[in-house]
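What follows is each chain in one-letter form.
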Number of protein chains: 2
Amino acid sequence: MTTTMPAGVAAARDLVSPAIAGWLERLSPEVRVVAAYHLGFVDADGAPTGDRPGGKALRPALALLSARAAGAPPERGVAAAAAVEFVHNFSLLHDDIMDGDTERRHRPTAWTVFGVGAAILAGDALLCLAQDILLADQAPQGVWAARCLSAAVHRLIAGQGADLAFERRDNVTLDECLQMAGDKTAALMACACSIGAIGVGAPAELAMGLAGFGAHAGLAFQLTDDLLGIWGAPEVTGKPVRADLRARKKSLPVVAALTGGTPAGQELAEILARPDALSEEDLRHAAELVEEAGGRAWAESEADSQLAAATTCLNETQMPDDVRGEFAAIAGFITVRQS
Amino acid sequence: MTTTMPAGVAAARDLVSPAIAGWLERLSPEVRVVAAYHLGFVDADGAPTGDRPGGKALRPALALLSARAAGAPPERGVAAAAAVEFVHNFSLLHDDIMDGDTERRHRPTAWTVFGVGAAILAGDALLCLAQDILLADQAPQGVWAARCLSAAVHRLIAGQGADLAFERRDNVTLDECLQMAGDKTAALMACACSIGAIGVGAPAELAMGLAGFGAHAGLAFQLTDDLLGIWGAPEVTGKPVRADLRARKKSLPVVAALTGGTPAGQELAEILARPDALSEEDLRHAAELVEEAGGRAWAESEADSQLAAATTCLNETQMPDDVRGEFAAIAGFITVRQS
């Protein structure tokens, strides 16, 4: 595993950002400023930040690799990469509203700056742009890619729907939680890893091998993200400390702790069931209880297993060695547990 | 003009509803129940209402006519009709949240029943399904139809974005307001009137003639809707009386009144600028002022002009006479001012 971002990720951002910026131009001014703010192109007043866009551009990097896995130059994966990135950001814009999250990528979330309505619309517009990009290609592969993306969007929506429903339930099983994470995170990762190949007409075996890699790597990533949501440092995660516990999210380590049948899990359930806001001391104690109940160890072990499964998929799928190496580097990078 | 719903509208609903219900089955249970509730298939507990789905199914009826205008049987327009209806309902689900509307089609709005998050997701899912339906068709016409629909969705989003921005401005011009209505309402109507023809590979002149008809009829419809939003009876509109004034919406008659340079318009502006909620007496007086300032007469006259322009488009476009007659009947029906 590596703690440095693989070079390909920054290069992918440089290749895909102009396409993203170009498609944003098609939006009306009121909607564009919100989308551009969310993506990190402009500040809250609409003035260019001069920075590179926010976010790690992991999914675009995976989509470009996916085209290269099929023997195409990365340029031929740009449309797919931009489409996946738009879908990812559509979901972030909407999820931040639903989850009441006020900070993302070290900045106030779009809905807190522009209002809920404007943020809903900006998300809608990005979802629509994602399909536009793929359908702008006259070849039938564009439609295949659009269908692949749409299937991922449906799973993403299903996962977020389950996540919201979990908030009102106190009997969520670990299987349900894994299914939710598979839908909410892994499906779009699987799409990112295969859509570039699909978009250049790769054979089904390659697309499926890449999708399998992405699905496992996506689950490993979500497990890691959930661990960071409790034990991650704010300067690393860009979110307040113990944000997921504060929001009483039924994240994977928490559900593992709650369903493990331990006294610590029982005590955790009682704390999370309190009607009032949790104090910093409560949150610190809750994090200890997740660990004591085995939630942390389970999530770490499960993340390792999923990463191993991803690696197996990768090694069993035919592609150029340098592409395989770059896929592996990204999978390693997104599952590093910097806490 | 007619006050009775043309027979074709109910027939269209019967033809398209099974397709809509079938596609809804693809959604996850948590998301599906919200969409099905919004569409009138089930009640808040998920139990089938036994009723026909809510709403007038105007856009599906227009889409089926559009296929028939190109000489195809209505069955070949079902996918386009369902897609347009999904987009319409995607926008209603999201708009109701943004506008804080609590009642639609004589029922509580989805976000008040299931929460904002669930209603956002249900809207997202319907937008995604709309594209799925069109891309399920292998023929290139499916992609043309998908692009036509996507262009309409972008204008719809632009229109709603402008509408939200207008709420924070006190200098909205009538031209801006007409542009907003053209985007928010007329664009999807224009799409509904042409997408069926596009989906069966009709020549561009037919598609453009139908789109022109739909755009003018759509504006006439919005003007009528805005008039009903002030003077419509709740049992007709399904919304509280004077709902648009209560929400201080910058609807077309209101903006016409505000920008007409009359003392009544000035007094109206002062009332709408008050920080507190408006009393029933305030609202009654505000409605009188819109009328006194000429807003009502302008909107009625503009609705008539737009309907006339729609009729001209219709008469100048080649299509079977019975289809033309049915288009004209729907245009007449949606612009009746039952107050």
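For clarity, every value in this text was computed on a predicted model and none was experimentally measured.

It is worth spelling out the overall build of chain A at this point. Helix and strand content of chain A: 16 helices and two strands. Here the C-alpha atoms of chain A give a radius of gyration of 20 Å, agreeing with the 20 Å that 2.2 N^0.38 yields for 339 residues. If you line up chain A on its principal axes, its C-alpha atoms span 60 × 50 × 30 Å. Counting every position in chain A, which comprises 339 residues, the buried fraction comes to 56%. Counting only contacts in chain A whose residues sit at least 6 apart along the sequence, the fraction spanning at least 24 positions is 73%.

It is worth spelling out the interface of chain B and chain A at this point. At the interface, 31 residues of chain B touch 31 residues of chain A. Contributions of two or more residues to the side of chain B that touches chain A are made by α2 (29-38), α4 (78-99), α6 (116-135) and α7 (140-167) of chain B. A per-element tally of the side of chain B that touches chain A places α7 of chain B first, with 13 residues. Residues of the side of chain B that touches chain A, tallied by class, amount to 18 nonpolar, eight polar and five charged.

Residues and elements named next belong to chain A. For chain A, the mean per-residue pLDDT works out to 93, and 97% of the residues sit at or above 70. Averaged pLDDT values over the elements of chain A bottom out at 76 in helix α10 (residues 234-237) and peak at 98 in helix α15 (residues 295-316). For this predicted complex, the interface score ipTM comes out at 0.93, alongside a pTM of 0.94.

What follows concerns the packing of helix α4 (residues 78-99) of chain A against α6 of chain B. Remark: α4 of chain A packs on α6 of chain B, axes separated minimally by 9 Å, with the N-to-C direction vectors making an angle of 160°. Judged by the inter-axis angle, α4 of chain A sits roughly antiparallel to α6 of chain B. Between α4 of chain A and α6 of chain B, the residues in contact are H94, I97 and M98 of chain A and G117, I120 and D124 of chain B, respectively.

Turning to the relation of the copies chain B and chain A, a few remarks are in order. The two copies are related by a screw operation: chain B maps onto chain A through 180° of rotation and 0.0 Å of translation along the axis, at an RMSD of 0.0 Å. Seen this way, the second copy is the image of the first under a two-fold rotation axis. Looking at chain B, 100% of its interface residues are interface residues in chain A too, so the copies touch through the same face.

Glancing now at the packing of helix α3 (residues 58-69) of chain B against α4 of chain B. Residues and elements named next belong to chain B. Closest axis-to-axis distance for the α3/α4 pair is 8 Å, and the angle between their directions is 150°. When the axis of α3 is compared with that of α4, the two are roughly antiparallel. Between α3 and α4 lies a crossing whose hand is right-handed. Of the residues in α4, those touching α3 at R59, P60, A63, L64 and A67 are A80, A81, A82, V84, E85 and H88. Tallied by class, the residues present in the contact of α3 with α4 amount to eight nonpolar, one polar and two charged.

On to helix α8 (residues 174-199) of chain A. All names here are of chain A. Over its 26 residues, α8 extends 35 Å from the first C-alpha to the last, a length consistent with the 38 Å expected when each residue adds 1.5 Å. The axis of α8 is deflected most strongly, by about 45°, at A186. Burial within α8 is extensive, with 21 of its 26 residues counted as buried.

Residues and elements named next belong to chain B. Tracing the backbone shows V78 in helix α4. On the basis of neighbour counts, which here come to 23 C-beta atoms within 10 Å, the residue V78 falls in the buried class. Each residue touching V78, except ones within four places of it in the same chain, is listed here: L15, V16 and A19.

Here we take up the environment of A70 of chain B. As for its placement among the helices and strands, A70 of chain B is situated in the loop between α3 and α4. Once the C-alpha coordinates of A70 of chain B and V336 of chain B are considered, the two residues, 266 residues apart in sequence, prove to be 28 Å apart.

Attention now moves to the environment of D96 of chain B. Residue and element names in this part refer to chain B. With respect to the helices and strands, the residue D96 is situated in helix α4. Sequence separation of D96 and T112 is 16 residues, and the distance between their C-alpha atoms is 9.4 Å. Beyond its immediate chain neighbours, meaning those up to four positions away, D96 contacts D101, R104, T109, A110 and W111.

Moving on, we get to unusual backbone geometry. Positioned with a positive phi, R105 of chain A is a non-glycine residue whose angle comes to about 50°. Take R105 of chain A: it is sitting in the loop between β1 (103-104) and β2 (107-108). What makes R105 of chain A partly exposed here is the crowd of 16 C-beta atoms within 10 Å. The backbone phi angle of R242 of chain B is positive, close to 55°, even though this residue is not glycine.

Definitions and limits used
Residues numbered from 1 in each chain as written. Chains lettered and ligands numbered in written order. Predicted model: local features only at pLDDT ≥ 70, side-chain atom pairs only at ≥ 80, totals over all residues. Helix = DSSP H or I, 4+ residues; strand = E, 2+ residues; numbered from the N terminus. Rg over C-alpha atoms; globule rule 2.2 N^0.38 Å. Buried ≥ 20, exposed ≤ 12 C-beta atoms within 10 Å, placed from the backbone. Contact = placed C-beta atoms within 7 Å. Nonpolar A, V, L, I, M, F, W, Y, C, P; charged D, E, K, R; others polar. pLDDT = per-residue confidence, 0-100. Axes fitted to C-alpha atoms, helices over the stretch in contact; angles between N-to-C directions. Parallel < 35°, antiparallel > 145°, perpendicular 65-115°, else oblique. Least-squares fit on C-alpha atoms with pLDDT ≥ 70 in both. Left-handed = near helix turned anticlockwise from the far one by under 90°. Expected span 1.5 Å × (residues − 1). Bend = angle between axes of the 7 residues up to and from the residue.

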